[in-house]
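Chains, contacts and geometry: an overview
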Amino acid sequence: MEKWREVRETLREFALRFPEAYEDHPWGETVVKVNKKIFLFLGVEEPTDKWSPSAGVKLPESHGHALALDGVRPSGYGLGRSGWVTIPLTGTLPETEVLLDWVEESYRAVAPKKLVAALDAQDA
């Protein structure tokens, strides 16, 4: 299995562990949502001429750090102005723990306060 597929699956599985998180497939892409809001973009299943493996997360706190890494860029469609970044899953990646921290940060930024509180209680 290609490394990017393993990383993508790890991120997807991790995201689905959060309270009330679920997978959806708008536009034929895989996303993970909470309360009908996306907190993790995973793109399409197979690379195409227009799409290469990447993940998108909202990073209100780690935005600057993420953009300092090779290949990470503000997300398109105006999402970059709101703290969204797109992380290429090919090439040199940050440690998996960093990616998982970013998925959690994105969940916390998007989820209702009661679900963030439930997550905190679950971690305690």
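One structure accompanies this document, and this report is about it. (Residues numbered from 1 in each chain as written. Predicted model: local features only at pLDDT ≥ 70, side-chain atom pairs only at ≥ 80, totals over all residues. Heavy atoms only, no water.)

As for helix α1 (residues 3–15)
Its 13 residues give α1 an end-to-end C-alpha distance of 18 Å, which sits within 8% of 18 Å, the value for a rise of 1.5 Å per residue. Residues of α1 that are buried include every one of Trp 4, Val 7, Arg 8, Leu 11, Arg 12, Phe 14 and Ala 15, and no others. One face of α1 carries all of its buried residues, which in axial projection span an arc of 165°. Elements in contact with the buried residues of α1: β1 (21–24), β2 (30–34), β3 (37–43), β4 (54–58) and α3 (96–110). (Helix = DSSP H or I, 4+ residues; strand = E, 2+ residues; numbered from the N terminus. Expected span 1.5 Å × (residues − 1). Buried < 20%, exposed > 50% of the residue type's maximum accessible area, 1.4 Å probe, protein only. Arc of directions from axis to C-beta. Contact = heavy atoms within 4.5 Å.)

Examining the packing of α3 against helix α4 (residues 113–123)
When two helices pack together, their arrangement is captured by the angle between the axes and the distance separating the axes. It is the contact of α3 with α4, at a shortest axis distance of 8 Å, that shows an interaxial angle of 140°. One finds that α3 runs oblique with respect to α4. Residues Glu 104, Tyr 107 and Arg 108 of α3 form the contact with α4, whose own contacting residues are Leu 115, Val 116, Leu 119, Asp 120 and Asp 123. Here the contact of α3 with α4 is composed, by residue class, of four nonpolar, no polar and four charged. (Axes fitted to C-alpha atoms, helices over the stretch in contact; angles between N-to-C directions. Parallel < 35°, antiparallel > 145°, perpendicular 65-115°, else oblique. Nonpolar A, V, L, I, M, F, W, Y, C, P; charged D, E, K, R; others polar.)

Points about α4
Inspection of α4 places Leu 115, Val 116 and Leu 119 among the buried residues, and these make up the whole buried set. Angularly, the buried residues of α4 cover 105° about the axis, an arc narrow enough to put them on a single face. Those residues of α4 that are exposed and aimed more than 90 degrees away from the buried face are Lys 113, Lys 114 and Ala 121. Of the surrounding secondary structure, the elements contacted by the buried residues of α4 are β2 and α3.

Describing the nonpolar core
Nonpolar side chains tend toward joint burial in soluble globular proteins. In terms of nonpolar packing, the biggest core is built from 34 residues, with Leu 11, Phe 18, Phe 39, Leu 40, Val 57, Val 103 and Tyr 107 touching the most fellow members. Where this core is concerned, the elements lending two or more residues are α1, β2, β3, β4, β6 (84–88), α3 and α4. A per-element tally of this core places α3 first, with six residues. Excluding anything up to four places from it in sequence, Phe 18 contacts Phe 39, Val 103, Glu 104, Tyr 107 and Leu 119. (Core = buried A, V, L, I, M, F, W, Y, C linked by side-chain atoms within 4.5 Å.)

Observations regarding the pattern of salt bridges
Summed over the entire model, instances satisfying the criterion amount to six salt bridges. For the salt bridge of Asp 120 with Arg 108, the shortest nitrogen-to-oxygen distance reads 2.7 Å. Remark: Arg 108 occurs in helix α3 and Asp 120 occurs in helix α4; sequence separation between them is twelve residues. Of the residues examined, Asp 120 reaches a relative accessible area of 37% and is grouped as partly exposed. Taken together, the shared-partner salt bridges in this structure form one network comprising Glu 9, Arg 12 and Glu 23. (Salt bridge = Lys/Arg side-chain N within 4 Å of Asp/Glu carboxyl O.)

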